[in-house]
Amino acid sequence: MTLTELARLEEMATEGPWTWYIHDYSMATLCADGDPIENPIMDVGPCKSCANAAKNRHEEWKWGRCLTPKENNACLIVALRNHAKALIACAEELRNIADAKRFNRDHFRDDTEFADWVKSRAIHTLRSLEEV
Ligand SMILES: [Zn+2]
């Protein structure tokens, strides 16, 4: 997948932030803006047999039960969606640095000025990712 394709996919997907809303022992909904009714993305839950067994044992929701995703996978879906714009911006900044006209003296007087610019861009980009 190219960066352009990834950026287009990100733009077409439901806007974030996404979260998991846990209804009860039998269902969780991945949703936008914390609203599983107005902004559902998808529901997950165990099969009827496992849901009934959990109900009879008075168990709460459990990631990884039967057909539900493992908790790490569920969290990764949310984290990737919520960081997608920042991650794409990081990749675009790497492209900007890779394409920089290092030896064109109209852009950079010398390698020190180029290195300072690269370091500055890297620090700025990392900070923007960490602020998500
Ligand atoms: Zn089951």
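See the structure above.
Reference entry: report on the structure contained in this document.

The rules behind these values
- Residues numbered from 1 in each chain as written.
- Predicted model: local features only at pLDDT ≥ 70, side-chain atom pairs only at ≥ 80, totals over all residues.
- Helix = DSSP H or I, 4+ residues; strand = E, 2+ residues; numbered from the N terminus.
- Rg over C-alpha atoms; globule rule 2.2 N^0.38 Å.
- Buried ≥ 20, exposed ≤ 12 C-beta atoms within 10 Å, placed from the backbone.
- Core = buried A, V, L, I, M, F, W, Y, C linked by C-beta atoms within 7 Å.
- Contact = placed C-beta atoms within 7 Å.
- Axes fitted to C-alpha atoms, helices over the stretch in contact; angles between N-to-C directions.
- Parallel < 35°, antiparallel > 145°, perpendicular 65-115°, else oblique.
- Left-handed = near helix turned anticlockwise from the far one by under 90°.
- Nonpolar A, V, L, I, M, F, W, Y, C, P; charged D, E, K, R; others polar.
- Pairing = 2+ DSSP bridges.

**Examining the overall build of the protein chain**
At step 1: Of the regular secondary structure elements, the protein chain holds four helices and three strands.
At step 2: Taken from the N to the C terminus, the helices and strands of the protein chain come in the order α-β-β-β-α-α-α.
At step 3: Over its C-alpha trace the protein chain gives a radius of gyration of 22 Å, far above what one expects of a compact globule, namely 14 Å for 132 residues.
At step 4: Taken along its principal axes, the extent of the C-alpha atoms in the protein chain is 75 × 25 × 25 Å.
At step 5: By the burial criterion, 10% of the 132 residues in the protein chain qualify as buried.

**Quick notes on the environment of Glu 113**
At step 1: Positionally, Glu 113 belongs in helix 4 (residues 111-130).
At step 2: Overall, Glu 113 belongs to the partly exposed group, with 13 C-beta atoms counted inside 10 Å.

**Considering the nonpolar core**
At step 1: By size, the foremost hydrophobic cluster in this structure holds five residues: Trp 18, Trp 20, Ala 28, Leu 30 and Cys 31.
At step 2: Breaking this core down by element, the ones donating at least two residues are strand 1 (18-24) and strand 2 (27-32).
At step 3: In terms of residue count, strand 2 provides more of this core than any other element does, three residues in total.
At step 4: Those residues within four positions of Trp 20 in sequence are excluded, and the remaining contacts are Ala 28, Leu 30, Ala 74 and Val 78.

**Here's the deal with the packing of helix 1 (residues 3-12) against helix 3 (residues 71-98)**
At step 1: The N-to-C vectors of helix 1 and helix 3 enclose an angle of 155 degrees; their axes lie 10 Å apart at closest approach. As summarised for this structure, helix 1 and helix 3 are arranged roughly antiparallel, according to the angle between their axes. Note that helix 1 runs across helix 3; the crossing there is left-handed. Residues Leu 3, Leu 6, Ala 7 and Glu 10 of helix 1 pack against Ala 84, Lys 85, Ile 88, Ala 91, Glu 92 and Arg 95 of helix 3.
At step 2: Of the residues in the contact of helix 1 with helix 3, the class split is six nonpolar, no polar and four charged.

**Notes on the sheet that holds strand 3 (residues 40-44)**
Each strand in a sheet pairs with its neighbour through backbone hydrogen bonds, running either in the same direction (parallel) or in the opposite one (antiparallel).
At step 1: Ordered by their spatial adjacency, three strands build an open sheet running 1-2-3, and the pairing between neighbours is antiparallel. The strands lining the two open edges of the sheet, one partner per strand, are strand 1 and strand 3. For this sheet, the mean angle separating the axes of adjacent strands, direction not counted, is 20 degrees.
At step 2: Strand direction decides the pairing type here: strand 2 and strand 3, joined by four bridges, are antiparallel.

**What to know about the environment of Asn 39**
At step 1: The topology assignment puts Asn 39 in the loop between strand 2 and strand 3.
At step 2: Using a count of 17 C-beta atoms within 10 Å as the deciding quantity, one classes Asn 39 as partly exposed.
At step 3: With 25 residues separating them along the chain, Asn 39 and Thr 14 place their C-alpha atoms 8.7 Å apart.

**Considerations on the packing of helix 3 against helix 4**
When two helices pack together, their arrangement is given by the angle between their axes and by how far apart the axes lie.
At step 1: Helix 4 packs onto helix 3 with a crossing angle of 175 degrees between their chain directions and a minimal axis gap of 9 Å. The orientation of helix 3 with respect to helix 4, classified from their angle, is roughly antiparallel. Between helix 3, through Ala 86, Leu 87, Ala 89, Cys 90, Glu 93 and Ile 97, and helix 4, the contact on the second element is made entirely by Val 118, Arg 121, Thr 125, Ser 128 and Leu 129.
At step 2: In the contact of helix 3 with helix 4, the residues fall into seven nonpolar, two polar and two charged.

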